[in-house]
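Per-entry structural report
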Amino acid sequence: MQQSNAYIITFSVILTVVLGLLLSGTSQVLGPLQKEAEALDKKKQILGAVISAEEIGSMKAEEINAFYNSHIATVVVDIEGNEVTEQGGTPVTAESVDIGKNYKKPVEERLYPVFIFHEEGNAEAVQSYIFPVYGAGLWDAIWGFVALDTDMNTIGGVTFAHAGETPGLGARITESGVQQRFVGKEIFNEQGELVAVSMQKGEGKDYTGEPHKVDGMSGATITANGVNDMLSNYLGHYKAFIDSKKSSTTLAVVN
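Treat the numbers as computed from the prediction; the structure is a model and nothing was measured.

Let us look at the overall build of the protein. Scanning the protein from terminus to terminus reveals seven helices and nine strands. Overall, the protein is about 90 × 45 × 40 Å in size when its C-alpha atoms are taken along their principal axes. Scored against the burial criterion, the 255 residues of the protein give a buried share of 38%. Sequence-distant contacts, at least 24 apart, represent 51% of the contacts inside the protein between residues at least 6 apart. Summed over its atoms, the accessible surface of the protein is roughly 14200 Å², and 54% of this surface lies on carbon and sulfur atoms. When the 18 positive and 32 negative side-chain charges of the protein are each reduced to one mean point, those points stand 5 Å apart.

Structural data, given as structure tokens:
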């Protein structure tokens, strides 16, 4: 039997309202869980710059949170290396800073979180400083974390991630074998200039004796160049903070 237009309209409105309520309820239920998952993934990436992927993979979520809380201290700085505790009257924490959103701002207006890896329960016994980095790959955003030893020069480890690089090519920046190439490299040259570390074009060469170069990724030159720019730019943004820590270390040694 053919239904009237009023019936069809009423049914459509009711169905739309019911579905809207269901979607809203689902979002409220899943929203906090999604945020927890995102926060956990970020902690994995941060810790991945200082401990092995195998060790992280062996931990349960609660173990990762506990390890993070007992080994990581944080600070947020500006481009001049000054500590920032609030912005617009709102308290600022390293975990709350969205690097992707900050990337869209002028470099002078961005917030720069620093994650400080230390001995368990002893924030004074610093082992390395972990810096977020962000940039553009071939197709979309790339980002990561770079850990510097307390000399503020030697790379202790890195983690890289991407939004849409090509599988088997640019997406290889997430592989531990590629990331391991950066370990032990130096970001300052002998003249004290910040030169960062660059992936070279092509793959298969040995750069053991060259502190500022690492082997590239065959067929992924644009992604590699994106990584190079990302490291050079963001380490440059953190240079004032890095220099302040280098100075304090030098003074401590002299004293």
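Having seen the structure, we can now continue with the description.
All chains considered together, the criterion is met by 10 aromatic pairs. With 5.4 Å between their ring centres and 80 degrees between their planes, Phe-160 and Phe-182 make a pair best called edge-to-face. Highlighted residues: Phe-160 in strand S7 (residues 155-162) and Phe-182 in the loop between helix H5 (176-179) and strand S8 (198-199), separated in sequence by 22 residues. Judged by relative accessible area, which is 4%, Phe-160 ranks as buried.

With that settled, the discussion passes to helix H6 (residues 221-237). The end-to-end C-alpha separation of H6 is 24 Å, in line with the 24 Å expected for 17 residues at 1.5 Å each. For H6, the set of buried residues is Thr-223, Ala-224, Gly-226, Val-227, Asn-228, Met-230, Leu-231, Tyr-234, Leu-235 and His-237.

As for its position among the elements, Lys-43 is in helix H1 (residues 5-48). Here Lys-43 occupies a buried position and makes no salt bridge, while the nearest side chain of opposite charge, Glu-95, is found at 6.8 Å. Side chain to side chain, Lys-43 and Asn-65 meet in a polar contact 2.9 Å long. The contacts of Lys-43, once residues within four sequence positions are left out, are Ile-64, Asn-65 and Tyr-68.

To continue, consider the sheet that holds strand S6 (residues 141-149). Sheet architecture is open: five strands sit in the order S1-S4-S5-S6-S7, paired in antiparallel fashion. At either end of the open sheet lies a strand with only one pairing partner, and these are strand S1 (72-77) and S7. Along the sheet, successive strands turn relative to each other by an average axial angle of 25 degrees, direction set aside. Of the strand pairs in this sheet, S1 and strand S4 (residues 112-119) are connected by six bridges, and their pairing is antiparallel. Residue Thr-74 lies in a different strand from S4, and its bridge partner there is Phe-115. Strands S1 and S4 of the sheet are contacted by helix H3 (residues 61-71), whose axis makes an angle of about 90 degrees with S4. The sheet strands contacting H6 are S4, strand S5 (122-136), S6 and S7, and the helix crosses S5 at an angle near 130 degrees.

Time to look at unusual backbone geometry. A positive phi angle, near 60 degrees, is found at Met-152, a position not held by glycine. In this structure, Met-152 sits in the loop between S6 and S7. With a phi angle near 60 degrees, Ala-196 is a residue other than glycine that sits in the positive phi range. Within the secondary structure, Ala-196 is located in the loop between H5 and S8.

Rules used in this analysis
- Residues numbered from 1 in each chain as written.
- Predicted model: local features only at pLDDT ≥ 70, side-chain atom pairs only at ≥ 80, totals over all residues.
- Heavy atoms only, no water.
- Helix = DSSP H or I, 4+ residues; strand = E, 2+ residues; numbered from the N terminus.
- Buried < 20%, exposed > 50% of the residue type's maximum accessible area, 1.4 Å probe, protein only.
- Contact = heavy atoms within 4.5 Å.
- Areas by Shrake-Rupley, 256 points an atom, 1.4 Å probe, with all protein chains shown as cover.
- Lys, Arg positive; Asp, Glu negative; His and termini not counted.
- Charge placed at Lys NZ, Arg CZ, Asp CG, Glu CD.
- Phe/Tyr/Trp six-rings, centres within 6.5 Å; stacked < 30°, edge-to-face > 60°.
- Expected span 1.5 Å × (residues − 1).
- Salt bridge = Lys/Arg side-chain N within 4 Å of Asp/Glu carboxyl O.
- Polar contact = N/O pair within 3.5 Å; in protein donor to acceptor, adjacent residues only side chain to side chain.
- Pairing = 2+ DSSP bridges.
- Axes fitted to C-alpha atoms, helices over the stretch in contact; angles between N-to-C directions.

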